Amino acid sequence: MPDDDLVFKALADPTRRFLLDQLFARDGRTLTELESEVDMSRFGVMKHLKLLEEAGLVVTRKEGREKKHFLNPVPIRQIHDRWIDKFTERKVTALLDLKAELETEEPS
């Protein structure tokens with residue numbers, strides 16, 4: 001599956017988006033910390049985190065006996081640059097052109 005597909009699949013689930021929000025608020029959380037924030041089993045949270053890791057949205061690092069999870073915003077930015085930014089550019093340009101045109105018109 002292409003990387004974009006994995007990212008879209010990962011972002012499609014509200015629980016996974018919530019986990020990403022938690023990591024955005026405070027990076028470097030353990031599974032236990034993340035599990036305490038959602039109403040599901042430890043195994044369920046592990047499955048969601050695994051999918052987020054496969055999509056590249058979460059990276060982990062072992063620190064002693066703990067495995068900490070960190071948000072990787074790069075795939076989201078790549079999606080933004082490819083799919084969102086290019087579609088908003090024309091609208092912004094059109095609004096700027098309209099603004100300039102309205103400012104140069106003489107009042108009636």
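Criteria and thresholds
- Residues numbered from 1 in each chain as written.
- Predicted model: local features only at pLDDT ≥ 70, side-chain atom pairs only at ≥ 80, totals over all residues.
- Heavy atoms only, no water.
- Buried < 20%, exposed > 50% of the residue type's maximum accessible area, 1.4 Å probe, protein only.
- Helix = DSSP H or I, 4+ residues; strand = E, 2+ residues; numbered from the N terminus.
- Arc of directions from axis to C-beta.
- Contact = heavy atoms within 4.5 Å.
- Pairing = 2+ DSSP bridges.
- Axes fitted to C-alpha atoms, helices over the stretch in contact; angles between N-to-C directions.

### Here's the deal with helix α1 (residues 3-11)
Listed as buried for α1 are D4, L6, V7 and A10. For α1, the arc enclosing every buried residue in end-on projection is 160°, short of the 170-degree limit, so these residues lie on one face. On its buried face, α1 sits against α2 (14-25), α4 (42-54) and α5 (74-104).

### Things to note about the sheet that holds strand β3 (residues 66-71)
Strand order in the open sheet formed by three strands is β1-β3-β2, with antiparallel pairing between adjacent strands. Strands at the two margins of the open sheet, each flanked by one partner only, are β1 (29-30) and β2 (58-63). Pairing between β1 and β3: two bridges, direction antiparallel. Across the sheet, the residue bridging to T30 is K68, located in β3. Helix-sheet contacts for α2 involve β1, β2 and β3, and the interaxial angle to β3 is about 95°.

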